[in-house]
Amino acid sequence: MSWKLDETVQTSAGAVAAGRLGSGPALVLAHGWPWSSFSWHRIIPNLARRYRVHWYDMPGYGRSAKDAEQRTSLDVQGKVFAEMLAHWDLEQPMVVAHDMGGATTLRAHLLHSCDFERYILMNVVAMRPWGSEFFDHVGRHVDAFLGLPPHIHRAVVEAYIKGRSSTTSIPEISRSLSSRGFPRRDEEASIGNSRKLMKNIPLRLSRCSGKFGVR
């Protein structure tokens, strides 16, 4: 079997089991919850014909460190993803992320300065808490947020992921948008709107040197 975990990397969250295969441009696979890198084992052989493929089990999953006190939250996973790129000496790899791997790699990009050449997201969760007031607010004003310049859109998303977008900051965002002629409403919206948002609104997160895509 091409998939194997023959590397052990010491990270801030404990020992991480990892592997790599192939030659060519760097490609990193980020698995989802509650799986492990084994979920990629059937596609690794084909990918390795064209790429240098890297994979690992996130802390708390698969063969990586697991114990009763193990923290597996997205802040931990995002930091470890950045540490894995540093361990592999990858400055701007292509990244394929599934499920919570999307949120993990997004945090690594926004909070730990990780750049990606290409970014493929598969059925991902990108922010938390899912269905939050922030998501509901954006879901009510999809057209307005679609019209934001990329640097403003990035700043809003980055602030939310860093935890600054608390309940009290939602009206501030609303007032800011209203001052630019965008609609404003303060009533609750359904989680369905959040799902609609994730389906229709693009993630404008690319830096000049990177190419980002949403699948």
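Cut-offs used in this document
- Each chain carries its own residue numbering, running from 1 in the direction its sequence is written.
- Confidence filtering applies because this is a predicted model: local features only for residues at pLDDT of at least 70, side-chain atom pairs given and counted only at 80 or more, and all residues used for totals across whole chains, interfaces and linings.
- Hydrogen atoms and water are omitted, and side-chain values are computed over all heavy atoms in the structure.
- Starting at the N terminus, helices and strands are each numbered in turn, a helix being any DSSP run of H or I of at least four residues and a strand any DSSP run of E of at least two.
- Whether a residue is buried, partly exposed or exposed follows from its accessible area with a 1.4 Å probe, protein chains only, as a fraction of its type maximum: under 20%, in between, or over 50%, in that order.
- Should any heavy atoms of two residues lie within 4.5 Å, those residues are considered in contact.
- By definition here, a salt bridge exists when the distance from a side-chain nitrogen of Lys or Arg to a carboxyl oxygen of Asp or Glu is within 4 Å.
- Two strands pair if DSSP finds at least two bridges between them.
- Put simply, a nonpolar core is a bunch of buried Ala, Val, Leu, Ile, Met, Phe, Trp, Tyr and Cys residues held in one set by side-chain atoms that sit within 4.5 Å of each other.

1. Side note on the environment of Phe81
By the element assignment, Phe81 lies in helix H2 (residues 74–87). Accessibility expressed as a relative area gives 0% for Phe81, which makes it buried. Counting along the chain gives 25 residues from Phe81 to Leu106, while the straight-line C-alpha distance between them is 10.0 Å. Not counting chain neighbours up to four residues away, the residues in contact with Phe81 comprise Val28, Ala30, Tyr56, Val95, Thr104, Thr105, Ala108 and Phe116.

2. Here we look at the pattern of salt bridges
It is possible for side chains bearing opposite charge to pair when their charged atoms get close. Applying the stated rule across the entire model yields 3 salt bridges. Residue Glu7 is joined to Arg20 by a salt bridge in which the shortest nitrogen-to-oxygen separation is 2.7 Å. Of this pair, Glu7 sits in strand E1 (residues 7–11) while Arg20 sits in strand E2 (residues 14–21), placing them 13 residues apart in sequence. For Asp75, the salt bridge identified is with Arg71, shortest N-O distance 3.0 Å. Residue class for Arg71 comes out partly exposed when judged on its relative accessible area of 48%.

3. What to know about the pairing of strand E4 (residues 52–56)
E4 sits mainly inside the fold: 4 of its 5 residues count as buried. Note that E2 and E4 share 4 bridges and pair antiparallel. Within the sheet, the bridge partner assigned to Gly19 lies in E4 and is Trp55. Taken together, the 3 bridges between strand E3 (residues 26–30) and E4 define a ladder with parallel strand orientation. Looking across to E4, one finds that Leu27 is bridged to Val53.

4. Some thoughts on the nonpolar core
If you look at the biggest cluster of nonpolar residues, it comprises 30 residues, and the most contacted ones within it are Tyr56, Phe81 and Met84. Those elements giving two or more residues to this core turn out to be E2, E3, H2, strand E5 (94–98), helix H3 (100–111) and strand E6 (118–122). Discounting chain neighbours no more than four positions away, the residues touching Met84 are Val9, Thr11, Val16, Ala18 and Tyr56. Core analysis: the next-biggest nonpolar cluster, separate from the first, contains 13 residues, Trp3, Leu5, Leu27 and Met94 among them.

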